[in-house]
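# Reading the structure
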Amino acid sequence: MTGRELIAPYSVRLRLVPPQGAFAEPQEDVCGLLEELGRRTEAAGASLIGHLKCYVESPGGESFHGSLTSLRAGARCRGERAQGAASLTVDLTALVYGLSGDEVEAVTLATLRQMQEQGRFEWELNHASTLEPEAACEPPAGHDHDHGQEGHHHHAHEHGQEHGHEHGHDHGHDHGGGHAGHHGEA
Amino acid sequence: MNLLLFAGFLGSGKTTLIRTFAQRLTDEGLTACFIVNEVGEVGIDGRVLGDGGLDVYEITAGCICCEIASSLVTTAEQIVERYHPDLLVIEASGIAAPEGVLKALAHRRGELYQDQLVVSLVDPTRLEMLLAVALPLTEAQVRGADELVITKLDEATPDELTAARETLEDLAPQTRVSEITSDKPESLHPLLGRLAAFGAAS
């Protein structure tokens with residue numbers, strides 16, 4: 001047993017729009033989002049925040065990343081400040097112990113609604129997925145690497161676009177086996 | 001080519017350390033390719049490293065120590081074929097057991113790569129909770145390391161640091177332990193020097 005059977009990775013792509021014109025300090029808003037999400041996951045019964053992290057891009061091509069591993073340490077953002085951005089595209093991943101994928105999603109949506117009500121930003125949810133806990137992740141000494149074995153339940157729930165509220169879910173199932181990509185020049 | 005595997009729990013500082021290490025490799029004229037694995041469907045760390053100008057291959061939506069180990073082998077083969085770097089650096093997902101990652105590649109050792117080194121990072125501020133929630137994973141990451149690194153010295157309390165040192169001593173008494181913090185770059189120099197020498201030895 002490693003840790004895969006205890007965690008349901010939740011990923012979501014968001015578009016955040018400021019209430020007025022432009023974000024003055026986008027990193028502050030994103031850190032606020034991560035910290036509120038962290039508070040709510042703990043309140044919902046998470047036994048451990050593994051990692052809440054995001055990669056953020058502005059329409060002008062500026063980017064930064066945000067990270068939260070504990071409420072005590074708080075969230076940190078690093079990279080370009082993207083001040084004055086008219087919107088932000090946020091790829092957020094939540095890795096939380098003790099909550100199901102559906103619970104993490106509910107907490108995320110509740111966090112977004114609260115921040116909208118507070119006038120921090122409006123949001124659109126463009127894509128979301130949950131990978132279910134992986135029952136086949138067994139001790140290294142004994143496992144093989146074939147897929148499709150008994151007990152293997154790797155699939156994603158995907159959701160369509162939302163605008164500031166919850167209705168309109170488009171639940172699908174993706175029996176994925178990992179994705180590979182390449183960043184770089186070479 | 002040698003293989004350097006960074007392991008350690010979620011948020012322990014692997015990506016941050018790799019960014020700094022990459023600069024050291026560049027300074028020493030060594031070539032490296034990077035494979036980053038994230039268990040979530042959307043990759044974050046690969047883009048963070050890519051922003052630093054690194055050549056990064058990203059494997060997402062599963063763990064390379066078990067679920068998608070075959071993707072790791074395929075990606076490593078592509079890298080060797082295309083670039084022949086001095087060093088292949090793998091950032092395991094935070095829930096990976098290093099032994100599983102090495103096992104996935106073991107049948108290509110000697111052909112794809114020669115020597116291997118596992119560095120596991122430990123966040124002392126969350127170690128007690130991690131031992132309570134995911135003990136087998138923590139033990140696997142610590143016992144599977146050739147070198148252990150306690151991170152976030154600036155955030156840990158003295159009691160947390162003492163507990164982390166004692167835990168690592170209990171679990172892996174023969175393994176070297178380094179202590180680093182991002183706000184004191186000098187704390188990184190000995191570790192980075194050893195890792196760069198490992199890359200140069202290929």
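The structure this text deals with has already been given above.
Residues numbered from 1 in each chain as written. Chains lettered and ligands numbered in written order. Predicted model: local features only at pLDDT ≥ 70, side-chain atom pairs only at ≥ 80, totals over all residues. Heavy atoms only, no water.

## Side note on the overall build of chain B
Put simply, the test is: Every helix listed is a DSSP run of H or I at least four residues long, and every strand listed is a run of E at least two residues long, numbered separately from the N terminus. The quantity called the radius of gyration is restricted to C-alpha atoms. Its globule counterpart is 2.2 Å times the number of residues to the power 0.38. The classification of residues rests on relative accessible area computed with a 1.4 Å probe and restricted to protein chains. Under 20% of the type maximum is buried, over 50% is exposed, and intermediate values are partly exposed. Throughout, a residue-residue contact means that at least one pair of heavy atoms, one from each residue, lies within 4.5 Å. Here the accessible surface of atoms and residues is derived via Shrake-Rupley with a 1.4 Å probe, and residues count as covered only by protein chains that are part of the display. For the purpose of counting charges, residues Lys and Arg are taken to be positive, whereas Asp and Glu are taken to be negative. His and the chain ends are not included. Think of each charge as sitting on NZ of Lys, CZ of Arg, CG of Asp or CD of Glu.
Within chain B one finds 8 helices and 7 strands. For chain B, the C-alpha radius of gyration of 16 Å lies close to 17 Å, the compact-globule estimate for 202 residues. Each principal axis of the C-alpha atoms in chain B carries an extent, and together these give about 50 × 35 × 30 Å. Counting only residues that meet the buried cut, chain B has 62% of its 202 residues in that class. Sequence separation of 24 or more characterises 73% of the internal contacts of chain B that already satisfy a separation of 6 or more. Accessible area of chain B: about 7300 Å², with a carbon and sulfur share of 48%. The centroid of the 15 positive side-chain charges in chain B is displaced by 2 Å from the centroid of its 31 negative side-chain charges.

## Overview of the nonpolar core
Nonpolar side chains tend to gather and get buried jointly when the protein is soluble and globular. Where we set the bar: Among buried residues, those of type Ala, Val, Leu, Ile, Met, Phe, Trp, Tyr and Cys that are joined through side-chain atoms within 4.5 Å constitute a nonpolar core.
Ranked by internal contacts, the top residues of the largest apolar core, which has 42 residues, are Ile35, Leu72, Leu88, Ile90, Val101 and Leu105 of chain B. Ranked by residues supplied to this core, first place goes to helix α3 (residues 69-83) of chain B with 6 residues. Apart from the residues within four sequence positions on either side, Val101 of chain B is in contact with Leu5, Ile64, Cys65, Leu72, Ala92 and Ala96 of chain B. By size, the runner-up hydrophobic cluster in this structure holds 36 residues, among which are Phe23, Val104, Leu112 and Met115 of chain A.

## Some thoughts on the interface of chain A and chain B
Put simply, the rule reads: By convention in these notes, a salt bridge is any Lys or Arg side-chain nitrogen within 4 Å of a carboxyl oxygen on Asp or Glu. Polar contacts, as counted here, are pairs of nitrogen or oxygen atoms within 3.5 Å of one another; within protein the pair requires one atom able to donate a hydrogen and one able to accept it, and residues that are adjacent in sequence qualify only if both atoms are side-chain atoms. Gly falls in the polar group here, along with every residue not listed as nonpolar (Ala, Val, Leu, Ile, Met, Phe, Trp, Tyr, Cys, Pro) or charged (Asp, Glu, Lys, Arg).
Facing the 54 residues of chain A at the interface are 54 residues of chain B. Connecting chain A to chain B are 5 salt bridges. Note that Lys53 of chain A is salt-bridged to Asp45 of chain B, the shortest N-O span being 3.1 Å. Summed over the shared surface of chain A and chain B, the result is 17 residue pairs in polar contact (both at pLDDT 80 or more). Of all the secondary-structure elements, those providing two or more residues to the side of chain A that touches chain B are β1 (10-17), β2 (48-57), β3 (63-68), β4 (76-79), β5 (88-97), β6 (122-131) and β10 (179-183) of chain A. By residue class, the composition of the side of chain A that touches chain B is 17 nonpolar, 25 polar and 12 charged.

## Here we look at the layout of surface pockets
Keep this limit in mind: Both cavities and pockets are sets of points on a 1 Å grid over the protein atoms alone; in a cavity a 1.4 Å probe fits but cannot get out, in a pocket the set is open with protein on both sides within 12 Å along at least five of seven lines, and lining residues sit with an atom within 4 Å of a point. Grid points are joined across faces, edges and corners, and a volume is the space filled by probe spheres set on the points.
Approximately 870 Å³ is the volume attributed to the largest pocket. What lines the largest pocket is a set of 42 residues, and nearest its centre among them are Ser67 and Arg78 of chain A together with Gly11, Gly13 and Thr16 of chain B. Looking at the lining of the largest pocket, the elements that each hand over two or more residues are β2, β3 and β4 of chain A together with α1 (14-27) and α2 (45-51) of chain B. Looking at the lining of the largest pocket element by element, the count peaks at 6 residues for α1 of chain B.

## Here we look at a negative patch on the surface
Selection criterion: Residues enter patches when their relative accessible area tops 30% and they take part in no salt bridge; the joining distance is 9 Å for like charges and 5 Å for the nonpolar side chains Val, Leu, Ile, Met, Phe, Trp and Tyr.
Side chains of Glu57, Glu62 and Glu80 of chain A together with Asp51 of chain B sit close together on the surface and give a patch of like negative charge. Position of Glu57 of chain A among the secondary structure elements: in strand β2.

## Topic: the environment of Gln114 of chain A
Residue and element names in this part refer to chain A. You can see Gln114 is positioned in helix α2 (residues 101-117). Residues Gln114 and Glu36 lie 78 residues apart in sequence; the distance between their C-alpha atoms is 9.2 Å. In contact with Gln114, other than residues within four places in its own chain, are Glu36 and Arg40.

## A few points about the packing of aromatic side chains
The condition is simple: In this scheme Phe, Tyr and Trp rings, the latter by its six-membered ring, pair at centre separations within 6.5 Å, and the angle between planes marks the pair as stacked below 30 degrees, edge-to-face above 60, and tilted otherwise.
Per the counting criterion, the structure on display carries 3 aromatic pairs over all chains. Considering the side-chain rings of Tyr97 of chain A and Phe9 of chain B, the 5.8 Å spacing of their centres and the 40° angle between planes classify their relative orientation as tilted. One end of the pair, Tyr97 of chain A, is in strand β5; the other, Phe9 of chain B, is in the loop between β1 (2-8) and α1, on a second chain. As far as the burial class goes, Tyr97 of chain A and Phe9 of chain B line up, both buried. With centroids separated by 6.4 Å and ring planes inclined at 55°, the aromatic side chains of Tyr57 of chain B and Tyr83 of chain B adopt a geometry described as tilted. Pair noted here: Tyr57 of chain B is in strand β3 (residues 56-60) and Tyr83 of chain B is in helix α3, with a separation of 26 residues, a long-range link.

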